[in-house]
Amino acid sequence: QKSNTDIAIDLDMPVRVVQRVLQTWDEIGTVLKEPQKVGQAPLLSTSQVTLLLTLLDQYAIYLDKLQDELQWRYDVSVSLATIWRSLKRLGITSKKVSRHSE
């Protein structure tokens, strides 16, 4: 069996990296650890986001009205910033409202 130093030389990597990989293998039987979740979980559920998208497709509606709909339909109180960030994650950054002349 090769030493950690020999493995590091063969793979052209620091000895400490080899040590960590082997330690992880010994602990969990694989060299891939579960990714750590970063940040807070989304505040809006999938069905709530679907409601927002449905309303945006059907109406020229502002964020405060979307907020009212979430409160009324789901009894969920979220900030306008939360709604805006949820839509931004989906690639919706703005909606133009135009007035048609008569």
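All chains use their own residue numbering, which begins from 1 and follows the written sequence. A pLDDT threshold of at least 70 governs which residues receive local features in this predicted model, and a stricter bar of 80 or more applies before side-chain atom pairs are shown or counted, although totals over entire chains, interfaces and linings include all residues. Hydrogen atoms and water are omitted, and side-chain values are computed over all heavy atoms in the structure.

## Digging into the pattern of salt bridges
It is possible for side chains bearing opposite charge to pair when their charged atoms get close.
Okay, step 1: The term salt bridge refers to a side-chain nitrogen of Lys or Arg lying within 4 Å of a carboxyl oxygen of Asp or Glu. Counted by the stated rule, this structure contains 2 salt bridges.
Okay, step 2: In this structure, Asp10 and Lys2 form a salt bridge, with 2.2 Å as the shortest nitrogen-oxygen distance.
Okay, step 3: The closest approach of N and O atoms between Glu69 and Arg73, which form a salt bridge, is 2.7 Å. Taken together, the positions of Glu69 and Arg73, both in helix α4 (residues 63-74) and 4 residues apart, correspond to about one turn of that helix. Secondary structure follows DSSP: runs of H or I at least 4 residues long count as helices, runs of E at least 2 residues long count as strands, and numbering of each begins at the N terminus.

## Digging into a nonpolar patch on the surface
Okay, step 1: A grouping of Leu11, Met13, Val17, Val21, Trp25, Val31 and Leu32 is seen on the molecular surface, where their side chains present a nonpolar patch of about 630 Å² in accessible area.
Okay, step 2: Looking at the element boundaries, Leu32 is found in the loop between α2 (15-28) and α3 (46-58).
Okay, step 3: Only protein chains enter the accessibility calculation, which uses a 1.4 Å probe; a residue whose area is less than 20% of its type maximum is buried, one above 50% is exposed, and one in between is partly exposed. Leu32 gets classed as exposed once you look at its relative accessible area, which sits at 65%. A patch consists of residues whose relative accessible area exceeds 30% and which take part in no salt bridge; residues with like charges are grouped when within 9 Å of each other, and nonpolar side chains (Val, Leu, Ile, Met, Phe, Trp, Tyr) when within 5 Å. We get accessible surface area from the Shrake-Rupley algorithm with a probe of 1.4 Å; when it comes to residues, only the shown protein chains can shield them.

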